[in-house]
Amino acid sequence: MEQNQKLLREVYENRKHLQEGLTLLKGWLRQRQLDKGVNGFNAHLLTMFIVYLFKQRKLHMNMSSYQVARNVWNQLAFSSWHESNKGLTLCSSININANQPTLEQMHAYYPVVFIDVTGYHNLCFNVTLDIYALVRFEAKRAVQMLNDVKINKIDAVEQVLDMHVAPADKCNFAGHTYPQLLKVVTKLLSKGLGKRVQFLIPLQQVVPSWSIVEHPATSNEYLHLGLILNGEQSLEILDKGPE
């Protein structure tokens, strides 16, 4: 493990584009819930995979974080870590000795193979074939979305990171109803009032402090909004269409 950590420091230190690209990819993993459970495709695997690609000269110093993430998705989408003798290894062939298992031997015991720098440990020892297939599928979808010329690249990245997120994960306010109520009501009023109103201003209430041995105050039960009307259109009864 010490050798792996040393390699990580060598590759990631002072390379901000790799660090930021990894952050994007970690968000993608978490949003897809691919890293959950004992058999999950965890962030450490992605971290080591970026190291592998860097060592293979498939990631370069002049790449942006977006290009790093895109390249990793593309490589994952068309990878074959499950096929015999097509698994990955970070171990240099120079350092392989007679006692180290070969790729073929690793494939005999594990469905997915990615060997660490020591040559003895399969980083994918816990990854099932189904999970690996799902990771490749999601990576391919990400690449397809990024290749869509109709979508702005920034929007595409946001959509890639935002797909398949459960509503409970998006709106987890820890039991506080006020933020949810504020969002729903202001959105509804803005749509209904349209140009008649310039601003909808939530009138916030002061949240009192409490002792660490006390329970915090309950969520606000009432919503107070202030309106700044548009003088020219505030009295309009109907929204007129184009003439």
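Every chain is numbered independently, its residues counted from 1 as its sequence is written. In keeping with the model being predicted, local features are shown solely for residues with a pLDDT of at least 70 and side-chain atom pairs are shown and tallied solely at 80 or more, while totals for entire chains, interfaces and linings include all residues. For the side-chain quantities, the full set of heavy atoms in the structure was used; hydrogens and water were omitted.

Caption draft 1: Representation of the packing of helix 2 (residues 16-32) against helix 4 (residues 65-77) within the structure. Their axes nearest at 7 Å, the elements helix 2 and helix 4 cross at an angle of 55°. Taken together, helix 2 and helix 4 sit at an angle that is classed as oblique. Note on packing geometry: the crossing formed by helix 2 with helix 4 is right-handed. Packed against helix 2, whose contacting residues are H17, L18, E20, G21, L24, L25 and W28, the element helix 4 presents S65, Y66, V68, A69, V72, W73 and L76 at the interface. Here an angle of 0 to 180 degrees is reported between the N-to-C directions of two axes, which are lines fitted to C-alpha atoms, with helices fitted over the stretch in contact. Strands here are runs of E lasting at least two residues and helices are runs of H or I lasting at least four, both read from the DSSP assignment and numbered beginning at the N terminus. Small angles under 35 degrees read as roughly parallel and large ones over 145 as roughly antiparallel, with 65 to 115 read as roughly perpendicular and the rest as oblique. By the definition used in this description, the sense in which the near helix is turned from the far one sets the handedness, with an anticlockwise turn below a right angle giving left-handed and a clockwise turn giving right-handed. Any two residues whose heavy atoms approach within 4.5 Å are treated as being in contact.

Caption draft 2: Up close: the packing of aromatic side chains. Any pair of Phe, Tyr and Trp rings, taking the six-membered ring for Trp, is counted once the centres come within 6.5 Å. Such a pair is stacked with planes under 30 degrees apart, edge-to-face with planes over 60 apart, and tilted for the rest. Tallied over the entire structure, the rule returns seven aromatic pairs. Note on W28 and W73: the rings are 5.8 Å apart at their centroids and 75° apart in plane angle, and the pair reads as edge-to-face. With W28 in helix 2 and W73 in helix 4, this pair connects stretches of sequence that are 45 residues apart. No difference in accessibility class separates W28 from W73, as the two residues are buried. Taking the centre distance of 5.3 Å and the plane angle of 50° together, the rings of W81 and F114 count as tilted. Within this pair, whereas W81 is found in the loop between helix 4 and strand 1 (88-89), its partner F114 is found in strand 2 (residues 114-115), the two being separated by 33 residues in sequence. Relative accessibility thresholds used throughout: buried, under 20% of the residue-type maximum; exposed, over 50%; partly exposed, between the two (1.4 Å probe, protein chains only).

Caption draft 3: Main features of the environment of G194. Its place among the elements puts G194 in the loop between helix 9 (177-193) and strand 3 (197-202). Residue classification places G194 among the partly exposed residues on the basis of a relative accessible area of 32%. When the C-alpha positions of G194 and N230 are compared, they lie 9.9 Å apart, and in sequence the two are 36 residues distant.

Caption draft 4: Examining a nonpolar patch on the surface more closely. Candidates for patches are residues over 30% relative accessible area with no salt bridge; among them, like charges are joined within 9 Å and nonpolar side chains (Val, Leu, Ile, Met, Phe, Trp, Tyr) within 5 Å. The method behind every accessible area is Shrake-Rupley, applied with a 1.4 Å probe, and residues are considered shielded solely by the protein chains displayed. We define a salt bridge as a contact between a side-chain nitrogen of Lys or Arg and a carboxyl oxygen of Asp or Glu at a distance within 4 Å. Nonpolar side chains collect at one region of the surface, where F199, I201, L203 and I228 lie side by side and expose about 350 Å² of accessible area between them. Structurally, I228 can be placed in strand 4 (residues 225-229).

Caption draft 5: Region of the structure containing the nonpolar core. Put simply, a nonpolar core is a bunch of buried Ala, Val, Leu, Ile, Met, Phe, Trp, Tyr and Cys residues held in one set by side-chain atoms that sit within 4.5 Å of each other. Membership of the largest hydrophobic core comes to 43 residues, with the highest contact counts inside it found for F41, F49, V72, W73, L76, W81 and F114. For F41, the contacting residues outside a window of four places in its chain are L29, L34, D35, L46, L76, W81, V127, I131 and V135.

Caption draft 6: View of helix 4. Over its 13 residues, helix 4 extends 18 Å from the first C-alpha to the last, a length consistent with the 18 Å expected when each residue adds 1.5 Å. Buried residues of helix 4: S65, V68, A69, N71, V72, W73, L76 and A77, and no others. Here the expected span of a helix is defined as 1.5 Å times the quantity of residues minus one.

Caption draft 7: Up close: helix 2. Taking 1.5 Å as the rise per residue, helix 2 with 17 residues should run 24 Å; its terminal C-alpha atoms sit 25 Å apart, in good agreement. Those residues of helix 2 that sit buried are H17, L18, G21, L22, L25, W28, L29 and R32. Axial view of helix 2: buried residues confined to an arc of 125°, hence all on one face. Exposed and facing more than 90 degrees away from the buried side of helix 2 are K16, T23 and R30. Backbone geometry just after helix 2 places Q33 at a positive phi near 60°. Here the arc refers to the set of directions running from the helix axis out to each C-beta atom.

Caption draft 8: Main features of the environment of Q233. Within the secondary structure, Q233 is located in the segment after strand 4. Those residues in contact with Q233, other than ones at most four positions away along the chain, are K195 and R196.

Caption draft 9: Main features of the side chain of N122. By the secondary structure assignment, N122 is in the loop between strand 2 and helix 6 (129-146). Residue N122 is classed as buried on the basis of its relative accessible area, which comes to 2%. Under the rule applied, a polar contact is a pair of N or O atoms within 3.5 Å (in protein, one hydrogen donor and one hydrogen acceptor; residues adjacent in sequence only if both atoms are side-chain atoms). Engagement of the side chain of N122 in a polar contact is seen with the backbone nitrogen of F114, the distance being 2.8 Å. Apart from residues no more than four positions distant in its own chain, N122 is found in contact with M106, Y110, V112, V113, F114 and I115.

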